[in-house]
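What follows is each chain in one-letter form.
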Amino acid sequence: MRIPLLAGNWKCNKTVGEGEAFVQEFLAQLGDTTGREVLICPPLTALYPLDKLLAGSTVALGAQDVFYEESGAYTGAVSPPMLRDVGCTYTIIGHSERRQYFGDTDEIVNKKMHAALAGGLKPIMAVGETKPQRDAGRAEDIVVAQVRAGLAGIPTEQMEQVVIAYEPIWAIGTGDTATPDDAQAMHATIRNTLNVLYGSAIADAVRIQYGGSVKPDNVDELMACADIDGALVGGASLKVESFLRIVHFVE
Ligand code: 13P
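A few points on the structure. Just so you know, these numbers come straight off a predicted model, no measurement behind them.

Attention now moves to the pairing of strand β1 (residues 5-9). Taking burial as the measure, the five residues of β1 include five buried ones, the bulk of the element. Where β1 and strand β2 (residues 37-41) come together, five bridges link them in parallel fashion. What sits directly across from Ala 7, in β2, is Leu 39. Once the chain exits β1 it traverses helix α1 (residues 16-30) before rejoining the sheet at β2, and the crossover so formed is right-handed.

Now the structure itself:
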């Protein structure tokens, strides 16, 4: 049984005060979350105060990125133990914006995956193709290569902690969502890759989220797809009302 994971990636948005106001309002209206898992990934500056507010709730806290060393002379970096220290149980790794603006290569993504798992964080590994790659018929090859490279050397025992997020880059922040059929097809391809790498038990257990312009009005049809096990939500996770509607998607 894969429990759907509905995650808000706030990206570079919200001050501490704005994050606290969101979480107070969100928790007040959240209601019953049986059968689904809810996660908020605020900017680093808001992790510690939001952990205090989320304590005792059903909402988990995650980071948007993590560094691959534990400590040392790495100016600007934040390590897995530091994220655990402020209440994180998850971290996103390899988001396309990290790959595009911060130079995260497949090799770096893989190092971060190993470090996160060793440090007790559940990684959400993001993969996805560009529009030109899709138009050239290379989407599946690109995504499968990212999955294989990102998971290189990750042992079977750690795989149940791993979440994969399929985020076609052309769908991020554009309002241009993948159709449920296209998303489902790629999710099935990713699951098949997991089957090849780790066998059917792991392929059946690992959750694969969809991300890219998930909104209240398209979440239900995306979540109805057999291999879509949650959503990684950017813009629509910044407003309490729209994120609540996504969390309470209708099966
Ligand atoms: P949007 O939901 O704003 O398209 O962003 C998706 C995303 O990148 C989540 O990580």
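The rest of the description comes next.
Before going further, it helps to spend a moment on helix α2 (residues 44-54). Taken together, the buried positions of α2 are Ala 46, Leu 47, Pro 49, Leu 50 and Leu 54. Elements in contact with the buried residues of α2: α1, β3 (59-63) and α3 (80-85). Count one or two residues on from α2 and you reach Gly 56, which has phi positive near 85°.

The next subject is the packing of α1 against α2. Orientation of α1 relative to α2, taken along the N-to-C sense of each, is 25°, at an axis distance of 9 Å. Put simply, α1 runs roughly parallel to α2. Relative to α2, α1 is oriented so that their crossing is right-handed. Contacts between α1 and α2 involve Val 16, Gly 19, Glu 20, Val 23, Gln 24 and Leu 27 from the former and Thr 45, Ala 46, Pro 49, Leu 50, Leu 53 and Leu 54 from the latter.

For the structure on display, the rule yields six aromatic pairs. Relative to Phe 22, the ring of Trp 10 has its centre 4.9 Å away and its plane inclined at 75°; by these criteria the two rings are edge-to-face. Placement of the pair is Trp 10 in the loop between β1 and α1 and Phe 22 in helix α1, with a sequence separation of 12 residues. Side by side, Trp 10 and Phe 22 carry an identical accessibility label, which is buried. Residue placement shows Lys 111 over the ring face of Tyr 68; its charged tip is 4.4 Å from the ring centre. Here the basic side chain of Lys 131 rests over the ring of Trp 170, its NZ or CZ set 5.4 Å away from the ring centre.

Looking now at empty space enclosed by the protein. Under the defined criterion, the tally for this structure stands at one cavity of 30 Å³ or more. Space inside the largest cavity adds up to approximately 40 Å³. As for the largest cavity, its lining consists of Gly 94, His 95, Ser 96, Arg 99, Ala 126, Val 127, Gly 128, Gln 146, Glu 167 and Ile 169. A class-by-class count of the residues in the lining of the largest cavity yields three nonpolar, five polar and two charged.

Here we come to the layout of surface pockets. Regions of empty space are outlined by a rolling probe, equal in size to a water molecule, passed over the atoms. Within this model, the largest pocket holds a volume of roughly 600 Å³. Along the wall of the largest pocket there are 25 residues; nearest its centre are Leu 44, Gln 64, Asp 65, Arg 98 and Phe 102. For the lining of the largest pocket, the secondary-structure elements that each account for two or more residues are α2, α4 (96-101) and α5 (106-118). The residue inventory of the lining of the largest pocket, partitioned by class, reads 14 nonpolar, six polar and five charged.

Another point: the sheet that holds strand β5 (residues 122-127). Reading around the barrel, the eight strands line up as β1-β2-β3-β4-β5-β6-β7-β8 and close back on themselves, with parallel pairing between neighbours. Averaged over all adjacent pairs, the angle separating strand axes in this sheet is 25°, with direction ignored. Pairing between β5 and strand β6 (residues 163-166): four bridges, direction parallel. Counted as the bridge partner of Ile 124 is Val 163 from β6. Across the sheet, helix α7 (residues 139-150) touches β5 and β6, and the angle it forms with β5 is around 150°.

Counted according to the given criterion, the structure contains 15 salt bridges. Linking Glu 251 and Arg 36 is a salt bridge whose minimum nitrogen-to-oxygen distance equals 3.6 Å. Of the two residues, Glu 251 sits in the segment after α11 (240-247) while Arg 36 sits in the loop between α1 and β2, which places them 215 residues apart along the sequence. In this structure Glu 251 comes out as exposed when scored by relative accessible area, which is 77%. The partner of Asp 229 in a salt bridge is Arg 191, and the shortest N-O contact between them spans 2.7 Å. Placement of the pair is Asp 229 in the loop between α10 (219-223) and β8 (230-233) and Arg 191 in helix α8 (residues 180-198), with a sequence separation of 38 residues. A network of salt bridges, in which partner residues are shared, links Arg 2, Arg 191, Asp 227 and Asp 229.

Calculation criteria
Residues numbered from 1 in each chain as written. Predicted model: local features only at pLDDT ≥ 70, side-chain atom pairs only at ≥ 80, totals over all residues. Heavy atoms only, no water. Buried < 20%, exposed > 50% of the residue type's maximum accessible area, 1.4 Å probe, protein only. Helix = DSSP H or I, 4+ residues; strand = E, 2+ residues; numbered from the N terminus. Pairing = 2+ DSSP bridges. Right-handed = clockwise from strand over helix to strand, strands pointing away. Contact = heavy atoms within 4.5 Å. Axes fitted to C-alpha atoms, helices over the stretch in contact; angles between N-to-C directions. Parallel < 35°, antiparallel > 145°, perpendicular 65-115°, else oblique. Left-handed = near helix turned anticlockwise from the far one by under 90°. Phe/Tyr/Trp six-rings, centres within 6.5 Å; stacked < 30°, edge-to-face > 60°. Lys NZ or Arg CZ within 6 Å of the ring centre and 35° of its normal. 1 Å grid on protein atoms, 1.4 Å probe; cavity = no way out; pocket = protein on both sides within 12 Å on 5 of 7 lines; lining within 4 Å. Points joined across faces, edges and corners; volume = space filled by probe spheres on them. Nonpolar A, V, L, I, M, F, W, Y, C, P; charged D, E, K, R; others polar. Salt bridge = Lys/Arg side-chain N within 4 Å of Asp/Glu carboxyl O.

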